[in-house]
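# Survey of secondary and tertiary structure
For reference, the chains in residue letters:
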Amino acid sequence: MTMKTNIGLSLLLLICSYSYGQLSTYRYAQPLQEHTAQWHAIALPTAIFKHLNTDLSDLRVYGVTAENDTIEAPYLLRQAKSKQSRTAVAALLRNQSHNEKGYYFTFEIPNQKVINQIELQFKVQNFDWNVTVEGSHNQQEWFTVQENYRIVSLHNELTDYEFTTVKFPKSDYRYFRLRVDSKKQPEFSAATVVLDEVIEGRSISYSGYTWKSELHKSDKKTELTIDLK
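Being a predicted model, the structure only gives us computed values, none of them experimental.

Cut-offs used in this document
Residues numbered from 1 in each chain as written. Predicted model: local features only at pLDDT ≥ 70, side-chain atom pairs only at ≥ 80, totals over all residues. Heavy atoms only, no water. Helix = DSSP H or I, 4+ residues; strand = E, 2+ residues; numbered from the N terminus. Buried < 20%, exposed > 50% of the residue type's maximum accessible area, 1.4 Å probe, protein only. Contact = heavy atoms within 4.5 Å. Areas by Shrake-Rupley, 256 points an atom, 1.4 Å probe, with all protein chains shown as cover. Pairing = 2+ DSSP bridges. Axes fitted to C-alpha atoms, helices over the stretch in contact; angles between N-to-C directions. Phe/Tyr/Trp six-rings, centres within 6.5 Å; stacked < 30°, edge-to-face > 60°. Lys NZ or Arg CZ within 6 Å of the ring centre and 35° of its normal.

## Re the overall build of the protein chain
From N to C terminus, the protein chain includes zero helices and 19 strands. Counting over 229 residues, the protein chain shows a buried share of 34%. Across the protein chain, the fraction of contacts at a sequence separation of at least 24, relative to all contacts at a separation of at least 6, is 64%. Summing over all exposed atoms, the protein chain offers an accessible surface of approximately 15500 Å²; the carbon and sulfur share of this is 46%.

## Quick look at the sheet that holds strand S10 (residues 102-108)
Strand order across the open sheet formed by six strands is S9-S10-S16-S12-S13-S14, with antiparallel pairing between neighbours. Each edge of the sheet is formed by a strand with only one pairing partner; in this case those strands are strand S9 (92-99) and strand S14 (160-163). Neighbour-to-neighbour, the strand axes of this sheet turn through a mean angle of 20°, independent of strand direction. Sheet topology places strand S12 (residues 127-136) next to strand S16 (residues 175-180); six bridges connect them, and they run antiparallel. Each bridged residue has a counterpart across the sheet, and for Ser136 the counterpart in S16 is Tyr175.

## Quick notes on unusual backbone geometry
A positive phi angle, close to 60°, is found at Leu56, a residue other than glycine. With respect to the helices and strands, the residue Leu56 is situated in the loop between strand S4 (39-41) and strand S5 (59-64). The phi torsion at Gln112 lies on the positive side, around 50°, for a residue other than glycine. As for its placement among the helices and strands, Gln112 is situated in the loop between S10 and strand S11 (115-122).

## Side note on the packing of aromatic side chains
One pass over the structure, following the stated rule, counts 10 aromatic pairs. For the pair Tyr173 and Phe176, a centre-to-centre distance of 6.0 Å together with 80° between the ring planes defines the contact as edge-to-face. Ring pairing ties together the aromatic residues Phe105, Phe107, Phe122, Phe127, Trp129 and Phe188, which thus form one cluster. In this structure, Arg177 is placed above the aromatic ring of Trp142, and the distance from its NZ or CZ to the ring centre is 4.2 Å.

## A word on the sheet that holds strand S15 (residues 165-171)
Across a sheet, paired strands are connected by hydrogen bonds in the backbone, their directions being either parallel or antiparallel. An order of S8-S17-S11-S15 is seen for the four strands of this open sheet, with the pairing classed as antiparallel. Here the strands that pair on one side only, and so sit at the sheet edges, are strand S8 (83-89) and S15. Strand-to-strand, the axes of this sheet are offset by a mean angle of 30°, without reference to chain direction. Two elements, S11 and S15, share four bridges in a ladder whose sense is antiparallel.

Remember that the coordinates give geometry; whether it matters functionally is a separate question.
Following this line, the structure appears as structure tokens:
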């Protein structure tokens, strides 16, 4: 939770029951430490959640001045759960070539950033190819990053399906070379180089709990009861 206030306040975290404008109507209050910074973050105390609506809509932050006036402080709620992050990285197509093994496409990452997938686009449809990805810092020595990775395109009157994203472990090579194992010209169209990752959230682990399960045969459900400290 983030809050902004411009004066020194004795802060209260309030769970309101009827009127949000009057402090006398709250059903639960949690003192907060005083802060002097204009912007600051406050982790919600665990004890307050049993008093809150599930959507946290009844949460209010009030400040009490030296004159005993109350000021409601604005805030933003920010969940600390895990989230997916997708960052596109600039890449240049440097070379295209082919031999008896297949067709090669070499990309340069000018800023040499970490990536872990390349999204490919082709003009042709209806294919089933394997792709090998190699990485190099100088285009002299190449290292295998991903091998025999399958990409597929299927388009007809019954289906419209493509899977052409090649995924591999995080790598920071300056050059990436893809070999498409195809006997025909794949008619490469474009590629998007991406770092796709999960940014882990913060969580609290609880220990010392007990639980029991009960099977309800009539409605084919199992009821699980967990008692925390």
